[in-house]
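Survey of secondary and tertiary structure
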Amino acid sequence: MIKPYTEQRVEQCGTGIEYIYRTFSSEVNSDELVWHRDRKSRQIKVLSGEGWKFQEDDKLPVDLQPGSDVYIVRGIYHRLIKGVSDLVIRIKEI
């Protein structure tokens, strides 16, 4: 399965903390942004992107604004809703 993003893993110097930087293209097909669950909880920082939304199961979508944080609990169904520019996020798995 081809993933709807590109990613780069970066370890913060001397801390042992690894961040995952993901970019979702504004050209991605919306059908590729599927409902899914993660195996680990994640702290997400939105670095850039316009018009994207995040939605958890049984909740209304929320806007993803640059600088905003989203905490995703492991095992909770969620998805992204496509925006108008590329979305870049930083992920820290917890």
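Anything mentioned here points back to the structure above.
Note that this is a predicted model, so its numbers are computed, not measured. (Residues numbered from 1 in each chain as written. Predicted model: local features only at pLDDT ≥ 70, side-chain atom pairs only at ≥ 80, totals over all residues. Heavy atoms only, no water.)

Take the sheet that holds strand β6 (residues 69-72) next. Spatially, β1-β2-β8-β3-β6 is the arrangement adopted by the five strands of the open sheet, whose pairing is antiparallel. Two strands bound the open sheet, and with one partner strand each, they are β1 (6-11) and β6. Recorded for the sheet is a direction-independent mean angle of 25 degrees between the axes of neighbouring strands. (Pairing = 2+ DSSP bridges. Helix = DSSP H or I, 4+ residues; strand = E, 2+ residues; numbered from the N terminus. Axes fitted to C-alpha atoms, helices over the stretch in contact; angles between N-to-C directions.)

It is worth spelling out the pairing of strand β4 (residues 53-56) at this point. A regular strand places its side chains so that they alternate between the two faces of the sheet. Direction of pairing for β4 relative to strand β5 (residues 62-63): antiparallel, over a ladder of two bridges. Each residue of the ladder has a partner; that of Phe 54, found in β5, is Val 62. Where β4 folds back on β5, the antiparallel hairpin that results is connected by five residues, among which Asp 58 adopts a positive phi of roughly 65 degrees. Bridge count for β4 against strand β7 (residues 78-81) is four bridges, and the pairing is antiparallel. What sits directly across from Phe 54, in β7, is Leu 80.

This brings us to the side chain of Ser 41. Counting through the fold element by element, Ser 41 comes out in the loop between β2 (18-24) and β3 (42-48). Here the side chain of Ser 41 touches Arg 74 through a polar contact of 3.0 Å, landing on its backbone nitrogen. Beyond its immediate sequence surroundings of up to four residues, Ser 41 is in contact with Tyr 71, Ile 72, Val 73, Arg 74, Lys 92, Glu 93 and Ile 94. (Polar contact = N/O pair within 3.5 Å; in protein donor to acceptor, adjacent residues only side chain to side chain. Contact = heavy atoms within 4.5 Å.)

This paragraph deals with the environment of Ser 85. Relative to the helices and strands, Ser 85 resides in the loop between β7 and β8 (87-93). For Ser 85, a relative accessible area of 25% gives the class partly exposed. Every residue in contact with Ser 85, bar those within four places of it in the chain, is listed here: Ser 26, Gly 49, Glu 50 and Trp 52. (Buried < 20%, exposed > 50% of the residue type's maximum accessible area, 1.4 Å probe, protein only.)

So, about the packing of aromatic side chains. The tally for this structure, following the rule as stated, stands at two aromatic pairs. Ring centres of Phe 24 and Trp 52 lie 6.1 Å apart, and the angle between their planes is 55 degrees; on these two criteria the pair is classed as tilted. Residue Phe 24 is found in strand β2, and its partner Trp 52 is found in the loop between β3 and β4; the two are separated by 28 residues along the sequence. The two residues Phe 24 and Trp 52 agree in class, both being buried. By way of ring pairs, the aromatic residues Tyr 5, Phe 24 and Trp 52 are connected into one cluster. Stacked on the ring of Tyr 19, the Lys or Arg Arg 90 has its end atom at 4.5 Å from the ring centre. (Phe/Tyr/Trp six-rings, centres within 6.5 Å; stacked < 30°, edge-to-face > 60°. Lys NZ or Arg CZ within 6 Å of the ring centre and 35° of its normal.)

Counting 16 residues, the largest nonpolar core has Phe 24, Trp 52, Leu 64, Leu 80, Leu 87 and Ile 89 as its most contacted members. Among the secondary structure elements, those contributing two or more residues to this core are β2, β3, β6 and β8. At three residues, the largest contribution of residues to this core is made by β8. (Core = buried A, V, L, I, M, F, W, Y, C linked by side-chain atoms within 4.5 Å.)

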